[in-house]
Amino acid sequence: MKEILQYSHETNLEIISKFNDGDLHYVIAESSKKLISHILNSQTLWNNRITDGEVIDVWKVWEPEKLKEIEERNYQVALEILEERELDENISFSDTKNESHQNSISDIIFHVVNRATYYRGQIAAEFREKKIEPVSADFVSYKRKA
């Protein structure tokens with residue numbers, strides 16, 4: 001789990017650097033800003049569900065200069081969760097429809113990384129439309145670099 005969290009973290013940081021790269025922020029679509037914010041907000045929400053933190057708005061859009069700070073905090077909290085909790089521990093939580101659910105920490109972490117990959121793919125497509133070189137989000141490419 002640490003490895004897939006690190007993969008997701010490093011990939012998010014690469015994308016975030018595009019949002020803060022000179023004048024690129026002028027051509028990056030607002031929808032891409034919304035998607036990267038959603039990735040980070042969702043990760044915060046799931047970390048909070050595990051640690052009994054507050055419920056947050058997963059569609060809040062952050063300014064590009066805040067993204068790295070949020071990503072770094074999310075990653076540190078996720079690592080703390082891995083160190084302090086058991087992966088098979090079930091977490092009870094309410095979803096956005098106020099319905100109660102239970103999932104294991106390992107299922108939640110996998111979900112967070114998997115959904116982030118999905119949204120990073122959408123960001124990559126939007127980058128291509130704007131003639132911006134997208135960040136490779138392939139896990140096997142990440143492994144080759146490591």
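Now for a description of the structure that goes with this document. Since we're looking at a predicted model, the values are computed, not measured.

Another point: the pairing of strand 1 (residues 90–94). Across the two faces of strand 1 the burial differs, with Ile91 and Phe93 buried and Asn90, Ser92 and Ser94 not buried at all. Sheet analysis places strand 1 next to strand 2 (residues 100–104), joined by five bridges and oriented antiparallel. When the bridges of strand 2 are listed, Ser92 appears paired with Gln102. In this structure, the hairpin formed by strand 1 and strand 2 is closed by a connection of five residues, where Asn98 is found at a positive phi of approximately 65 degrees.

Now for the environment of Phe93. One can find Phe93 in strand 1. We classify Phe93 as buried; its relative accessible area is 10%. For the pair Phe93 and Ile50, spaced 43 residues apart in the sequence, the C-alpha separation amounts to 8.4 Å. Setting aside residues no more than four positions away along its own chain, Phe93 makes contact with Trp46, Arg49, Glu99, Ser100, His101, Gln102 and Asn103.

Aromatic ring pairs: the centre-centre distance and the angle between the two ring planes describe each pair. Applying the stated rule across the entire model yields six aromatic pairs. On the numbers, 5.1 Å between centres and 90 degrees between planes, the contact of Tyr7 with Phe139 is edge-to-face. Highlighted residues: Tyr7 in helix 1 (residues 2–19) and Phe139 in helix 5 (residues 139–145), separated in sequence by 132 residues. Given the relative accessible area of 30%, Phe139 is considered partly exposed. Both rings, one in Trp46 and one in Phe93, keep their centres 5.0 Å apart while their planes meet at 80 degrees; by these two values the pair is edge-to-face. Residue Trp46 is located in helix 2 (residues 30–51), and its partner Phe93 is located in strand 1; the two are separated by 47 residues in the primary sequence. As far as burial versus exposure is concerned, Trp46 and Phe93 are alike and both buried. Here a set of aromatic residues connected by ring pairs shows up, and it is made of Tyr7, Phe139 and Tyr142. The residue whose ring lies beneath Lys34 is Trp59, and the NZ or CZ to ring-centre distance is 5.2 Å. A cation over a ring is seen here: Arg49 above Trp46, with NZ or CZ 4.4 Å from the ring centre.

For the pair helix 1 and helix 2, interaxial distance at closest approach is 11 Å and the crossing angle is 145 degrees. For the crossing formed where helix 1 meets helix 2, the hand is left-handed. For the pair formed by helix 1 and helix 2, the contact residues are Asn12, Ile15, Ile16 and Phe19 on the first element and Ser32, Lys33, Ile36, Ile39, Leu40 and Gln43 on the second. When its residues are assigned to classes, the contact of helix 1 with helix 2 shows six nonpolar, three polar and one charged.

Procedures and definitions
For every chain, the first residue of the written sequence is number 1, and numbering continues from 1 along that sequence. Only residues with pLDDT of 70 or above have their local features reported here, since the model is predicted, and side-chain atom pairs are shown and tallied only from 80 upward, although totals for entire chains, interfaces and linings are computed over all residues. Values reported for side chains reflect all heavy atoms of the structure, with hydrogen atoms and water molecules removed beforehand. Only protein chains enter the accessibility calculation, which uses a 1.4 Å probe; a residue is then buried when its area is under 20% of its type maximum, exposed when over 50%, and partly exposed in between. Only runs of H or I of at least four residues qualify as helices and only runs of E of at least two qualify as strands under DSSP, and these elements are numbered from the N terminus. Strand pairing follows a simple DSSP-based rule, namely that at least 2 bridges must link the two strands. The contact rule is simple, with two residues in contact once any of their heavy atoms fall within 4.5 Å. Under the pairing criterion, centres of Phe, Tyr and Trp rings, with the six-membered ring standing for Trp, must be within 6.5 Å; the plane angle then separates stacked pairs below 30 degrees from edge-to-face pairs above 60, leaving the rest tilted. Lysine NZ or arginine CZ positioned within 6 Å of the ring centre and within 35 degrees of the ring normal marks a charge as sitting over the ring. Here the axes come from fitting lines to C-alpha atoms, over the contacting stretch only for helices, and the angles between their N-to-C directions go from 0 to 180 degrees. The sense of a crossing depends on the near helix, which, turned anticlockwise from the far helix by less than a right angle, makes the crossing left-handed and, turned clockwise, makes it right-handed. Three categories are distinguished: nonpolar for Ala, Val, Leu, Ile, Met, Phe, Trp, Tyr, Cys and Pro, charged for Asp, Glu, Lys and Arg, and polar for the others, with Gly belonging to the last.

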